[in-house]
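These are the residues of each chain, in order.
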Amino acid sequence: MRTTLLLLLSSFLISCTGEKGETGPPGKDGNANVKSYSFTVDPSDWKDRGAPGGYNYTLIAEMPFPELNEGIIDSGLVMAYWTLEVGSDTYNFPLPYSINYQGGTEEYGFELRPGTITFTIKDNTLNATPPLDPYSYRVVLASSLKFLPLEKSGNLPYSTLERQFGPFEP
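As the structure is a computational prediction, the values presented were derived from the model and not from experiment. (Residues numbered from 1 in each chain as written. Predicted model: local features only at pLDDT ≥ 70, side-chain atom pairs only at ≥ 80, totals over all residues. Heavy atoms only, no water.)

Engineer: Looking at this structure, how should I read the side chain of Glu106?
Structural biologist: Tracing the backbone through its elements, the reader meets Glu106 in strand E7 (residues 104–113). In this structure the side chain of Glu106 is engaged in a polar contact, spanning 2.5 Å, whose partner is the side chain of Tyr108. Leave out the neighbours within four places in its chain, and Glu106 touches Tyr97, Ser98, Ile99, Tyr101, Ile121, Lys122 and Asp123. (Helix = DSSP H or I, 4+ residues; strand = E, 2+ residues; numbered from the N terminus. Polar contact = N/O pair within 3.5 Å; in protein donor to acceptor, adjacent residues only side chain to side chain. Contact = heavy atoms within 4.5 Å.)

Engineer: Help me understand the sheet that holds strand E9 (residues 135–142), please; the structure alone is not making it clear to me.
Structural biologist: In sheet architecture, strand pairing relies on hydrogen bonds along the backbone and comes in two forms, parallel and antiparallel. Strand order in the open sheet formed by 4 strands is E1-E9-E4-E5, with antiparallel pairing between adjacent strands. Strand pairing shows two members of the sheet lacking a second neighbour, strand E1 (34–41) and strand E5 (89–94), which therefore form its edges. Mean inter-strand twist for the sheet, computed between neighbouring axes without regard to direction, equals 25°. Judged from the 8 bridges that link them, E1 and E9 form a sheet pairing that is antiparallel. (Pairing = 2+ DSSP bridges. Axes fitted to C-alpha atoms, helices over the stretch in contact; angles between N-to-C directions.)

Engineer: Help me understand unusual backbone geometry, please; the structure alone is not making it clear to me.
Structural biologist: A negative phi angle characterises most non-glycine residues, just as the trans form characterises most peptide bonds. Residue Leu95 is joined to Pro96 through a cis peptide bond whose omega torsion reads 0°. Relative to the helices and strands, Pro96 is located in the loop between E5 and strand E6 (97–101). A positive phi angle, near 60°, is found at Asn56, a position not held by glycine. As for its position among the elements, Asn56 is in the loop between strand E2 (47–49) and strand E3 (58–65).

Engineer: Quick question: what am I supposed to make of the packing of aromatic side chains here?
Structural biologist: Here a ring pair, both rings aromatic, is described through the centre-centre distance and the interplanar angle of the planes. Going through the model one piece at a time under the given rule, you end up with 11 aromatic pairs. When the ring of Trp82 is compared with that of Tyr108, the centres are 4.4 Å apart and the planes differ by 15°; the resulting orientation is stacked. Taken together, the residues span a long stretch of sequence, with Trp82 in strand E4 (residues 77–86) and Tyr108 in strand E7 at a distance of 26 residues. Owing to a relative accessible area of 4%, Tyr108 belongs among the buried residues under this scheme. (Phe/Tyr/Trp six-rings, centres within 6.5 Å; stacked < 30°, edge-to-face > 60°. Buried < 20%, exposed > 50% of the residue type's maximum accessible area, 1.4 Å probe, protein only.)

Engineer: In this structure, what is going on with the sheet that holds E6? I would like to understand it.
Structural biologist: Overall, antiparallel pairing links the 5 strands, which are arranged E2-E3-E8-E7-E6 in an open sheet. Here the strands that pair on one side only, and so sit at the sheet edges, are E2 and E6. On average, each strand axis in the sheet is inclined to that of its neighbour by 25°, with strand direction left out of account. With 8 bridges connecting them, E7 and strand E8 (residues 115–123) associate as antiparallel partners. Looking at the pairing, Gly109 lines up with Thr120 of E8.

Engineer: Would you mind showing me how to read the pattern of salt bridges here?
Structural biologist: Should their charged atoms come close, side chains of opposite charge can pair. Counted according to the given criterion, the structure contains 2 salt bridges. In this structure, Glu111 engages Arg49 in a salt bridge whose closest nitrogen and oxygen atoms are separated by 2.8 Å. On the criterion of sequence distance, the pair formed by Glu111 in strand E7 and Arg49 in strand E2 is long-range, its members being 62 residues apart. Take Glu111: its relative accessible area is 32%, and that puts it in the partly exposed class. Residues Glu62 and Arg113 are paired through a salt bridge, measuring 3.6 Å at the closest nitrogen-oxygen approach. Pair noted here: Glu62 is in strand E3 and Arg113 is in strand E7, with a separation of 51 residues, a long-range link. On the accessibility criterion, Glu62 (36% relative accessible area) is partly exposed. (Salt bridge = Lys/Arg side-chain N within 4 Å of Asp/Glu carboxyl O.)

Engineer: Teacher, can you tell me more about the nonpolar core here?
Structural biologist: Across soluble globular proteins, nonpolar side chains have a tendency to be buried as a group. One finds Phe39, Trp46, Phe65, Phe119, Tyr137, Val139 and Leu141 to be the most contacted residues of the largest nonpolar core, which totals 25 residues. If you list the elements that add at least two residues to this core, you get E1, E3, E4, E8 and E9. The contacts of Phe39, once residues within four sequence positions are left out, are Met63, Pro64, Phe65, Ile117, Phe119, Tyr135, Ser136, Tyr137 and Val139. (Core = buried A, V, L, I, M, F, W, Y, C linked by side-chain atoms within 4.5 Å.)

This is the structure in structure tokens:
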């Protein structure tokens, strides 16, 4: 009897509801540590790195990117996409991306330095030609919410590489 009374009382208390409280203030959309940026590289932005036909000849387009800092490079995440519109369709190709064609391969990539992102085009024939139309890119940055010690992360921070080898220059 006592058990039955206890179960009956428990079910009664659980099924009770109070008055609804006021709606709280609106929160921010999305994730505060993940941001997306768009870049347009005009044909005149492409420069030669090396001599056409020479070893490692690459086309580069350096773009200012003040949001890209050493902290993100060292322990965050950077993803880049080449965005191509064909008619009414939009395609996002994650970088690095390779296109095979008869007689060669074009490789699209990117390089990072604090404050700068460099988009690259390399052709295995060592004769890449600058695009005739503007290229669109989308870059996603995610800052780290938790920093891992170097020995656990398995990555060398940019600052360590720069101290060891000097600044990286195109």
